[in-house]
Amino acid sequence: MESIVNCAAYSDGRRVANVKLDEINLVLKQPDQFVWVGLHEPSSEMLNQVQHEFGLHDLAIEDALRAHQRPKLETYHDSLFIVLRTAQMNPEHHRIDFGETHFFLGSNFIVSVRHGSSLSYADVRMRCEKTPHLLRKGPGFALYAVMDSIVDQYFPVVDELENELELLEEKIFHEKFSRETTEHIYHLKRELLELKRAVSPLIDICNRLMRFDFELIPEDTRPYFRDVYDHSLRINEMVDTARELLTTALEANFSLISISQNEVSKRFAGWAAIIGVPTMIAGIYGMNFKFIPELNWHYGYPIVLAFTFGTCIFLYILFKRSGWL
Amino acid sequence: MESIVNCAAYSDGRRVANVKLDEINLVLKQPDQFVWVGLHEPSSEMLNQVQHEFGLHDLAIEDALRAHQRPKLETYHDSLFIVLRTAQMNPEHHRIDFGETHFFLGSNFIVSVRHGSSLSYADVRMRCEKTPHLLRKGPGFALYAVMDSIVDQYFPVVDELENELELLEEKIFHEKFSRETTEHIYHLKRELLELKRAVSPLIDICNRLMRFDFELIPEDTRPYFRDVYDHSLRINEMVDTARELLTTALEANFSLISISQNEVSKRFAGWAAIIGVPTMIAGIYGMNFKFIPELNWHYGYPIVLAFTFGTCIFLYILFKRSGWL
Amino acid sequence: MESIVNCAAYSDGRRVANVKLDEINLVLKQPDQFVWVGLHEPSSEMLNQVQHEFGLHDLAIEDALRAHQRPKLETYHDSLFIVLRTAQMNPEHHRIDFGETHFFLGSNFIVSVRHGSSLSYADVRMRCEKTPHLLRKGPGFALYAVMDSIVDQYFPVVDELENELELLEEKIFHEKFSRETTEHIYHLKRELLELKRAVSPLIDICNRLMRFDFELIPEDTRPYFRDVYDHSLRINEMVDTARELLTTALEANFSLISISQNEVSKRFAGWAAIIGVPTMIAGIYGMNFKFIPELNWHYGYPIVLAFTFGTCIFLYILFKRSGWL
Amino acid sequence: MESIVNCAAYSDGRRVANVKLDEINLVLKQPDQFVWVGLHEPSSEMLNQVQHEFGLHDLAIEDALRAHQRPKLETYHDSLFIVLRTAQMNPEHHRIDFGETHFFLGSNFIVSVRHGSSLSYADVRMRCEKTPHLLRKGPGFALYAVMDSIVDQYFPVVDELENELELLEEKIFHEKFSRETTEHIYHLKRELLELKRAVSPLIDICNRLMRFDFELIPEDTRPYFRDVYDHSLRINEMVDTARELLTTALEANFSLISISQNEVSKRFAGWAAIIGVPTMIAGIYGMNFKFIPELNWHYGYPIVLAFTFGTCIFLYILFKRSGWL
Amino acid sequence: MESIVNCAAYSDGRRVANVKLDEINLVLKQPDQFVWVGLHEPSSEMLNQVQHEFGLHDLAIEDALRAHQRPKLETYHDSLFIVLRTAQMNPEHHRIDFGETHFFLGSNFIVSVRHGSSLSYADVRMRCEKTPHLLRKGPGFALYAVMDSIVDQYFPVVDELENELELLEEKIFHEKFSRETTEHIYHLKRELLELKRAVSPLIDICNRLMRFDFELIPEDTRPYFRDVYDHSLRINEMVDTARELLTTALEANFSLISISQNEVSKRFAGWAAIIGVPTMIAGIYGMNFKFIPELNWHYGYPIVLAFTFGTCIFLYILFKRSGWL
């Protein structure tokens, strides 16, 4: 039974015992204790056993088995079911790995179910156990602690994306544009949209936790959820700002491509004129008319040559001044 | 009477009898039974008979006759009328086929009316009959079962559209752009808008089913509608994300066309210069002046030729380095 | 008094008498009768008389005189004043002709005032008179009947605009783009915005009619307004979808113009190279150097010609393969 | 004391006396009278006196001194303070001149304070005095009369901007595009945004006047504010439509520039080919090979000339047909 | 203890004593006094002492230690915690420096905590002490005074950004476009988005201060917060308008680049034709046919020359008229 990461009973904010799944029943009968269970990609049999121990709803258990849920909070008459998405930057592939964590919260238990890529919550549990005066507030506080750590993991991800945006800005405004830059803009947009989908439902979930669900989240735990709410809002705002900047960046990129196109056209036109004029003049004196007086002048050739290249130099200066070259 | 697909009476979650339309009256008088009728593109006479048996409202019957309704939920004083749109990917023409299903729901009956392209609900009914402890909850649960299957049919459609989007991305960023890609983007946008119109009213319908209409949907059936609600939200979000990505893809496509235009201009300019320079020099030595000393040099021709092509090679290297070729 | 199109008293859903304006008073005293008056661009005197007979508010009468109102619903303490906009496709000029219809609704009267382009409501009245069991519900039902016919007239207009959009798509993706197509897109956008302005307030009006105004619209008439509400929503959605598609079409059109520009540049560059190479070679053998050995070869001319055009053919094949020609 | 434009006492809808500022006290004590004061850019001393006479709040007086407020409605416990922006088309500079009017409204007084460019309200007052049966309703009606006249002044402004938009359309679709057109579009957008900022708060102000503030606006005056509300909505809609059309116009303009660019490229390419071919052929027969048989033919020159220009004519027809010329 | 900028007790609107942190306890016991403490980047020890003196919540103290919060208002059962962002234009680097100020507000105390770049509030305090009849209203008024001064500091920032926008307009419409202009537009957009994030939460904060929190903000202080609310709205509107104008400016800039590109193409095409025609004619008379009668004419050369340059002049006039040159 490797998928049970941790299962312990707490009393007055202190861990009193490690519990086995089938002994949970006994703990739940103790008036001042609560159980904190941590699962990782559990099998359906284990989830059924958990359902049985805590008396959970069929639908919530079904959801907890499958990953790829939307973040949501559902109330069942004596418990809450919460789905959150976790995010981590994959350092190798430079993209976000999403995972999911599901929670069952009752008056004297909390069960967390991790799916996919996410850090273990062992650290969070340890930090909680170091502040028994807070953990004493009950499973609601444990929920806050894990949610807080999940939301905090979003900040480095957003920072990374903002760094990428700054790199893109640098490329757009100070290097040559390339197909890669455009493709990069597109993929950054894609990741921001995915992140947005993971984060934006969090705002509503926290809002409801800190306002509506009175019995399971005690009065003095609610201000803590305001903190998570606030962080969700900030991440959301950062993502929105990045999205709007990205749209502007794409347009600015486009604008710069056009400016460059313009410059290419002007330079080409300028040089074409500078090459075209001697060609034209040379053509004229290449005609085979019997009577072209200049052809017989002794200094005809150098004069024409000087005149021709004088014209070229004149054109060059003219174009240089008007910004065409 | 082919358009009656199925008509049965249920008691305590089990099918107790197949019923004819004109015997429904008798069943409805039994306190613990409900009737589940499945119709497929019924004639107006049949609908009138159904109206008579269940005491339905004129307007709802009128609506049930015509397809091309918006998804909606309407309450009549003792029954609900629901219109949903169904979607299936047409494998041949690569476009979405939409159908419609209408429901009449009363305290002891449910009538489903299918229009256009949609799968039969025989499978759903069979699955329900296998879980009598759930079907026992009444016609509200039957409604859930069919709605759930309708919404689940949207997922493969959305997946297919997301695949098409990925194919488009591949084409945009890694192949040459073409008129077909642009047209494809446009048609994908069109389909997403149609899908959006079919799905987005579902959110409101589910929301109302799980919150407001107390009598027809019993308390313990409502959490099931949250499931459908959740799926509708997810499909909606997927469509919105795809739409925003498509808009960005169109812009990125456009940006890449401009970059390519730029490259074409640069290469053309570069080669024009490389061809233009020998033409100019050759023109000069093609002039018919009597006194052009170089013409009489013994090695004039090879020297000029060497100089000319040296210049060309120099230009070639110059342009290559500055990225114009 | 031509602007009175029709004025009749109804009892139990049946027309009992044609009434003159100054006899209305008598009818209104009958407990079970109501009056239905149809006016068409009435003079201010006639409206004053109507005001006097039914006891209407100054402001409503002022509004009813002037056309060019927004669609709106206003409640006065014992009557409703409703402004709707009507739309018809002008077959000659291919644009929408808008008209207006104003309603005064009391507990025992309904007055309709038509302005500008709109069909007469004689047909609607006739259809109502054929269903006395419905018209018996009172002037609220008459209001529904006329509103329903007004909203139904929007469908052919929207269909026509959708046809125009499809024609535009055909032009954009399968014909050459032209200034006319762009202008057409712009004018279609203009018409959709005007249509939107006419239709979108309808949703709110219907919503209020089916929910808030309890006394004048009897309980059993309200479901009928849901029908009008639903149609308004559908027209609104169709207009919104068409607008979004039009925006995408403009962008796609633009994208195609750029692709074409790109193709033009490539083909020009290709042919310029194919023409430029023989010109350059011919230029070289046109030089007047004394010692150009090739010039004296017997087969110099055909060899150079063959080499030159061989190069041209090689370039042609090269460009053809890489898609530049 | 020039900044007092008018100050009069009204009883039963009729002007009973012109009042001096320090006599207002006496009038306010009369049970059935109200005072209507009109100020124009008053000094801070005069405003202090007005404050003293009517017992107004410090903050409202501070606001009334400074122009450049947002339109707003503020309730103080026995009075209202309203800020509106007025707009007039400046015929010389073709731009909108904005002004401001502030109102203090009490149960028996109304004070209007005009700032900047705006018409005097003497006309409004005169029209009110001609309808004593309406003015009898009290200072709330006077407020309506002035607000109505302010909002009515927006219509010619919006009409002027719509005319400018139509002129722009004419220029975009039927004349050559120019830098001026683009600049004009931008400045029209700027003015529409400013107008929007002035008008859109009006909707909320009217909405509150006609719904919430029960004591100062008597029941029978409220329908009049619905009229102002309606006009604000219409102006707002007109501005929004113009904005959206302007955005589309900018895009259409852009699209047309690209089409034109395309045509220029095609025509250039066509003519370059038509000029390039004879140049190439002439170059070939300009080569100095000893043995070019054609050069010795008697009709070589006219034959080559005829062939060359035949090719040119062929190319011309070819390009003309395929739309390149 | 340098981070305590000021700490004083007030009674009846007058400063009665400067207080040390550990004496605050005594003051708080006095019924008619309140304490106003100003801190600047306090250490965590000092904050803990402040927490102890005023009995503040752990979470609020944690937030007050860290900068980089979102502007927010949080209610704890007997105190308020408010976070605001301050903004100042950095004159050297031409960008906005953001700071933060946090407030703790109780019934008889107010603590302000400044972080990062922001002006001291000594001036505000002085101005308050000069109007004891206002400061007498309690710590709520002190809060208003500081918030008002914070919001007023946004106006010069917005003015500066609007000036930059006008400079950009000048550059876009009257100078040559450049990469710098595009980059400038992008960076202005970035700053507007940051400003928006700092200002927009203010609207909601002020709204709540003037409506909901009854006990800490006395009735007669609330109108003052309406003033701050109003200013926040105005700044917000100015930022939104600037953003929309900036988007339009980017598009207009782009449009002008295309117009310029068009002009370049046309001028190039025109001059290419004017140079190409003599080159072609000269080529023809440079052919080496034995029998070209014109070559032997005595005036052949001047006639051809005249004809050629006549054609050039004709083309020049033609192109000049049609706007290509």
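About the cut-offs
- Residues numbered from 1 in each chain as written.
- Chains lettered and ligands numbered in written order.
- Predicted model: local features only at pLDDT ≥ 70, side-chain atom pairs only at ≥ 80, totals over all residues.
- Heavy atoms only, no water.
- Helix = DSSP H or I, 4+ residues; strand = E, 2+ residues; numbered from the N terminus.
- Rg over C-alpha atoms; globule rule 2.2 N^0.38 Å.
- Buried < 20%, exposed > 50% of the residue type's maximum accessible area, 1.4 Å probe, protein only.
- Lys, Arg positive; Asp, Glu negative; His and termini not counted.
- Charge placed at Lys NZ, Arg CZ, Asp CG, Glu CD.
- Expected span 1.5 Å × (residues − 1).
- Contact = heavy atoms within 4.5 Å.
- Buried area = accessible area lost by both parts, 1.4 Å probe.
- Salt bridge = Lys/Arg side-chain N within 4 Å of Asp/Glu carboxyl O.
- Polar contact = N/O pair within 3.5 Å; in protein donor to acceptor, adjacent residues only side chain to side chain.
- Nonpolar A, V, L, I, M, F, W, Y, C, P; charged D, E, K, R; others polar.
- Pairing = 2+ DSSP bridges.
- Axes fitted to C-alpha atoms, helices over the stretch in contact; angles between N-to-C directions.
- Least-squares fit on C-alpha atoms with pLDDT ≥ 70 in both.
- Phe/Tyr/Trp six-rings, centres within 6.5 Å; stacked < 30°, edge-to-face > 60°.
- Lys NZ or Arg CZ within 6 Å of the ring centre and 35° of its normal.
- Parallel < 35°, antiparallel > 145°, perpendicular 65-115°, else oblique.
- Left-handed = near helix turned anticlockwise from the far one by under 90°.

Asks: What is the right way to read the overall build of chain A from this model?
Replies: When you go through chain A residue by residue, the secondary structure sums to eleven helices and seven strands. Taking 325 residues into account, the globule formula puts the C-alpha radius of gyration at 20 Å, and chain A, at 35 Å, lies well above it. Every one of the 325 residues in chain A was classed for burial, and the buried ones make up 62%. Across chain A, the 33 positively charged side chains and the 45 negatively charged ones have centroids separated by 6 Å.

Asks: Before we go on, may I ask you to explain helix α9 (residues 222-284) of chain D in this structure?
Replies: Because the α-helix completes a turn every 3.6 residues, residues three or four places apart line up on one side. End to end, α9 of chain D covers 92 Å across 63 residues, agreeing with the expected 93 Å (1.5 Å per residue, within 8%). The buried count for α9 of chain D comes to 54 of 63 residues, which makes it a mostly enclosed element.

Asks: How do you make sense of the interface of chain A and chain E when you look at a structure like this?
Replies: Interface size, as often reported, equals the accessible area lost upon joining of the parts. The partner chain E presents 50 residues to the 53 residues of chain A that form the contact. Both sides together, the interface formed by chain A and chain E hides about 5000 Å², and carbon and sulfur atoms give 61% of it. At the surface where chain A touches chain E, the tally comes to seven salt bridges. Remark: the boundary between chain A and chain E carries 20 residue pairs in polar contact (both at pLDDT 80 or more). Of all the elements in the fold, those that place two or more residues in the side of chain A that touches chain E are α7 (154-174), α9 (222-284) and α10 (293-296) of chain A.

Asks: In this structure, what is going on with the interface of chain A and chain B? I would like to understand it.
Replies: Taken residue by residue, the interface counts 50 residues in chain A and 53 residues in chain B. Between chain A and chain B lies a buried interface of about 5000 Å² when both sides are counted; carbon and sulfur atoms form 61% of it. Counting the contacts that link chain A with chain B gives seven salt bridges. Here Arg70 of chain A and Glu237 of chain B are joined by a salt bridge, their closest N and O atoms 3.1 Å apart. The interface formed by chain A and chain B holds 20 residue pairs in polar contact (both at pLDDT 80 or more) in total. Of all elements in the fold, only α3 (58-65), β4 (72-76), α8 (179-211), α9, α10 and α11 (300-321) of chain A reach the threshold of two or more residues within the side of chain A that touches chain B. For the side of chain A that touches chain B, the element with the most residues is α9 of chain A, which contributes 15 residues. Looking at the side of chain A that touches chain B residue by residue, the class counts come to 22 nonpolar, 16 polar and twelve charged.

Asks: What exactly am I supposed to notice about the sheet that holds strand β5 (residues 79-90) of chain E here?
Replies: The strands that make up a sheet are held in pairs by hydrogen bonds between backbone atoms, and each pair lies either parallel or antiparallel. Residues and elements named next belong to chain E. Strand order in the open sheet formed by seven strands is β2-β1-β3-β7-β6-β5-β4, and the pairing between neighbours is mixed. Two strands lie at the open edges of the sheet, namely β2 (14-18) and β4 (72-76), each paired on one side alone. Averaged over neighbouring strand pairs, the angle between their axes works out to 20° when direction is ignored. With seven bridges connecting them, strand β1 (residues 4-11) and strand β3 (residues 33-40) associate as antiparallel partners. Paired with Ile4 across the bridge in β3 is Leu39.

Asks: For this particular structure, what's the right way to read the relation of the copies chain A and chain E?
Replies: The two chain copies are related to each other by a rotation about an axis together with a translation along it. Once turned by 72° and shifted 0.1 Å along the axis, chain A lies on chain E with an RMSD of 0.2 Å. Expressed as a symmetry operation, the mapping of one chain copy onto the other fits a five-fold axis. Considering only C-alpha atoms, the part of chain A nearest the rotation axis is Gly286 of chain A, at 4.6 Å.

Asks: Would you mind showing me how to read the pairing of strand β7 (residues 109-116) of chain E here?
Replies: The side chains of a regular strand alternate, residue by residue, between the two faces of the sheet. Residue and element names in this part refer to chain E. Along β7, seven of the eight residues are buried, which leaves the element largely enclosed by surrounding structure. Direction of pairing for β3 relative to β7: parallel, over a ladder of six bridges. If you follow Val37 over to β7, its bridge partner there is Val111. Here eight bridges tie strand β6 (residues 95-106) to β7, and the two strands are oriented antiparallel to one another. From the neighbouring strand, Phe103 faces β7, where its bridge partner is Ser112.

Asks: How should I be thinking about the packing of aromatic side chains in this particular structure?
Replies: Note on aromatic pairs: each is described by the distance of the centres and the angle between the planes. Summed over all chains, the structure comprises 75 aromatic pairs over all chains. Look at Phe319 of chain E and Trp324 of chain E: their rings are 6.4 Å apart centre to centre, the planes differ by 25°, and that puts the pair in the stacked class. An aromatic cluster is present here, built from Phe254 of chain A, Phe254 of chain B, Phe254 of chain C, Phe254 of chain D together with Phe254 of chain E joined pairwise through their rings. When the ring centre of Trp36 of chain A is taken as reference, the NZ or CZ atom of Arg125 of chain A above it lies at 4.5 Å.

Asks: I would appreciate a short explanation of the pairing of β6 of chain E in the present structure.
Replies: Buried residues dominate β6 of chain E, accounting for eleven of its twelve residues. Between the end of β5 of chain E and the start of β6 of chain E, which pair antiparallel, lie four residues, with His94 of chain E showing a positive phi angle near 55°.

Asks: What is the right way to read the packing of helix α6 (residues 139-152) of chain B against helix α9 (residues 222-284) of chain B from this model?
Replies: The geometry of a pair of packed helices is captured by two quantities: the angle between their axes and the separation between those axes. All names here are of chain B. Where α6 contacts α9, the two axes come as close as 9 Å, and the packing angle between them is 20°. Relative to α9, α6 is oriented roughly parallel. Note that α6 runs across α9; the crossing there is left-handed. Across the interface between the two elements, Gly140, Phe141, Leu143, Tyr144, Met147, Asp148, Val151 and Asp152 from α6 touch Tyr224, Phe225, Asp227, Val228, His231, Ser232 and Ile235 from α9. Here the contact of α6 with α9 is built from residues that sort into nine nonpolar, three polar and three charged.

Asks: I would appreciate a short explanation of the arrangement of the chains in the present structure.
Replies: Taking C-alpha atoms only, the smallest gap left between chain B and chain E, which are not in contact, amounts to 9 Å. The least C-alpha distance between chain C and chain E, which are not in contact, is 9 Å.

Asks: I'm lost on the pattern of salt bridges in this one. Help?
Replies: Note that side chains of opposite charge can pair when their charged atoms are close. Counted by the stated rule, this structure contains 80 salt bridges over all chains. Among the ionic pairs, Glu237 of chain A bridges to Arg197 of chain E, the shortest N-O distance being 3.9 Å. Taken together, the residues Glu237 of chain A in helix α9 and Arg197 of chain E in helix α8 (residues 179-211) connect one chain to another. On the accessibility criterion, Glu237 of chain A (18% relative accessible area) is buried. In this structure, Arg243 of chain D and Glu244 of chain E form a salt bridge, with 2.8 Å as the shortest nitrogen-oxygen distance. Here Arg243 of chain D, found in helix α9, pairs with Glu244 of chain E, found in helix α9 (residues 222-284), and the two come from separate chains. Of the residues examined, Glu244 of chain E reaches a relative accessible area of 25% and is grouped as partly exposed.

Asks: How should I be thinking about helix α7 (residues 154-174) of chain E in this particular structure?
Replies: Along its 21 residues, α7 of chain E runs 30 Å from first to last C-alpha, staying within 8% of the 30 Å computed at 1.5 Å per residue. All buried positions along α7 of chain E are accounted for by Tyr154, Phe155, Val157, Val158, Leu161, Glu164, Leu165, Leu168, Glu169, Ile172 and Phe173 of chain E. The elements touched by buried residues of α7 of chain E are α8 (179-211) of chain D together with β5, β6, α6 (139-152), α8 and α9 of chain E.

Asks: Sorry if this is basic, but what is going on with the sheet that holds strand β5 (residues 79-90) of chain C here?
Replies: Residue and element names in this part refer to chain C. Reading across the sheet, the seven strands line up as β2-β1-β3-β7-β6-β5-β4 and stay open at both edges, with mixed pairing between neighbours. Each end of this open sheet is capped by a strand with a single partner; those strands are β2 (14-18) and β4 (72-76). Direction aside, the axes of adjacent strands within the sheet are offset by 20° on average. Inspection of the sheet shows β4 paired to β5 by five bridges, in the antiparallel sense. Counterpart to Glu74 in the pairing with β5 is Phe81. The strands touched by helix α8 (residues 179-211) are β4, β5 and β6 (95-106); relative to β5, the strand with the most contacts, the crossing angle is about 150°.

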